[in-house]
Amino acid sequence: MATATDADDQPSVEIRPGISRPDWSVLTSPQACRALAGRFAARSGLLDRWAIKLEPDADRVWRATLQLYADLGQAPTRADIVAASRIAVGDVGSLLDSLRSHDLIDLDAAGEIKLAYPFTQASTAHRIHVGDNTLNALCAIDALGVAAMLQTDIAISSSCHRCGGVVQVATTAKGRALKSVVPVDAVVWYDFAYDGSAATSCCPAITFFCSVEHRCLWLEAQMPKRSGIELTMDEALQVGRAIFGPVLMLNGSS
Ligand SMILES: [Zn+2]
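Residues numbered from 1 in each chain as written. Predicted model: local features only at pLDDT ≥ 70, side-chain atom pairs only at ≥ 80, totals over all residues.

1. A word on the domain arrangement of the protein
Right, on to step 1. Domain boundaries assigned for the protein yield domain 1 (37-42 + 125-244) and domain 2 (56-116).
Right, on to step 2. A C-alpha centroid distance of 25 Å is found between domain 1 and domain 2.
Right, on to step 3. In this assembly, 10 residues from domain 1 lie in contact with five residues from domain 2.
Right, on to step 4. Ranked by residue count, the leading element in the side of domain 1 that touches domain 2 is strand β7 (residues 133-137), at three residues. (Domains from an automatic or database assignment. Contact = placed C-beta atoms within 7 Å. Helix = DSSP H or I, 4+ residues; strand = E, 2+ residues; numbered from the N terminus.)

Here's what the structure looks like:
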């Protein structure tokens, strides 16, 4: 077994038949395992709200929302979701509310999608280039997980959270490996903060840094001190794959 941990011992949820999330089996790095395990340990008593199995119709709306988001390059409207999911317009509203209660999406005042992890309508530091579309990701791990979720390769344009210098990442093998990282020593800070909404707690601090030095300088300046772990880009890609790889997967798909 190539994994660095026994996947059976780690917390995960079967989100649909035969598909569990996170997918611990893609973690070959001990540091990536520590990151994901540390995340759950830090959040004991306040489990990620997405770590709950959805009803089939809610799952269908969730998958339709994310696939449309990627295809359109922006948040789908309710009408788009109704058409794609073939669920009655009167039911989609309550299903979106259910997804929101699980911190899988958020809605604006008009009830339209404003974010669906890993994507957001907000302008963030993390731009994802997928095919002809460019989308914003909520955090560095979300950005890295997009490729595995869509089973396609992506390019990420972001910046160092300390100096603002350019950080660029491209994937290969349908998001399973890194094609290029600029600068080569760029790292990710994986923050453990969680208040029930990832978008407002951990996401703003899960960021890219141009170097270990800049990650250290940033962390030392944080008050109060932050809890989290540093990941190389390859380790961060593994964590992104573990969290987002299963999201659109159906039993029997690779
Ligand atoms: Zn920097």
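Right, picking up where we left off after that structure.
2. Let's talk about the pairing of strand β1 (residues 13-16)
Right, on to step 1. Across three bridges, β1 lies against strand β2 (residues 19-21) in antiparallel orientation. Across the sheet, residue Glu 14 finds its bridge partner in β2, namely Ser 20.
Right, on to step 2. Hairpin connection from β1 to β2: two residues lie between these consecutive antiparallel strands, with Gly 18 at a positive phi of about 80°. (Pairing = 2+ DSSP bridges.)

3. Focus on the environment of Arg 162
Right, on to step 1. Within the fold, Arg 162 resides in the loop between β8 (155-159) and β9 (166-172).
Right, on to step 2. Between the alpha carbons of Arg 162 and Cys 210 there is a distance of 8.2 Å; along the sequence they are 48 residues apart.
Right, on to step 3. Excluding anything up to four places from it in sequence, Arg 162 contacts Phe 209, His 214, Leu 217 and Trp 218.

4. Digging into the sheet that holds strand β11 (residues 187-191)
Either a parallel or an antiparallel arrangement is found when strands of a sheet pair, and the pairing is made through backbone hydrogen bonds.
Right, on to step 1. The strand order across the open sheet built from three strands is β12-β11-β13, with neighbouring strands paired in antiparallel fashion. Each edge of the sheet is formed by a strand with only one pairing partner; in this case those strands are β12 (207-209) and β13 (228-232). Going from strand to strand, the sheet's axes swing by 30° on average, the running direction of each strand aside. (Axes fitted to C-alpha atoms, helices over the stretch in contact; angles between N-to-C directions.)

5. A short note on the nonpolar core
Right, on to step 1. Counting residues in hydrophobic clusters, the biggest one holds 74 residues, and the most contacted among them are Ile 141, Val 188 and Val 239.
Right, on to step 2. The biggest single contributor to this core is helix α5 (residues 140-150), with nine residues.
Right, on to step 3. Each of domain 1 (37-42 + 125-244) and domain 2 (56-116) accounts for three or more of the residues forming this core. (Core = buried A, V, L, I, M, F, W, Y, C linked by C-beta atoms within 7 Å. Buried ≥ 20, exposed ≤ 12 C-beta atoms within 10 Å, placed from the backbone.)

6. Topic: the packing of α5 against helix α7 (residues 233-244)
Right, on to step 1. Between α5 and α7, whose axes approach to 7 Å, the crossing angle comes to 65°. In the packing of α5 onto α7, the handedness of the crossing is right-handed. Along the contact surface, α5 presents Ala 140, Ile 141, Leu 144, Gly 145, Val 146, Ala 148 and Met 149, while α7 presents Ala 236, Leu 237, Val 239, Gly 240, Arg 241, Ile 243 and Phe 244.
Right, on to step 2. Broken down by class, the residue content of the contact of α5 with α7 amounts to 11 nonpolar, two polar and one charged. (Left-handed = near helix turned anticlockwise from the far one by under 90°. Nonpolar A, V, L, I, M, F, W, Y, C, P; charged D, E, K, R; others polar.)

7. Remarks on the sheet that holds β7
Right, on to step 1. Here eight strands make up an open sheet; going across it, the order is β3-β4-β5-β7-β6-β8-β9-β10 and the pairing antiparallel. Of all strands in the sheet, those bounded by a partner on one side alone are β3 (105-107) and β10 (177-182).
Right, on to step 2. Of the strands in this sheet, β3, β4 (113-116), β5 (119-120) and β6 (126-130) are in contact with helix α2 (residues 56-72), which crosses β4 at around 100°.
Right, on to step 3. Its contacts with the sheet put α5 on β6, β7, β8 and β9, and the angle it makes with β6 is roughly 15°.

8. So, the packing of α2 against helix α4 (residues 89-101)
Right, on to step 1. Running from N to C, α2 and α4 point in directions that differ by 85°, and their axes come no closer than 9 Å. Considered as vectors, α2 and α4 are oriented roughly perpendicular to each other. For the pair formed by α2 and α4, the contact residues are Asp 57, Ala 58, Val 61 and Trp 62 on the first element and Asp 91, Val 92, Leu 95, Leu 96, Ser 98 and Leu 99 on the second.
Right, on to step 2. Taken together, the residues that form the contact of α2 with α4 break down as seven nonpolar, one polar and two charged. (Parallel < 35°, antiparallel > 145°, perpendicular 65-115°, else oblique.)

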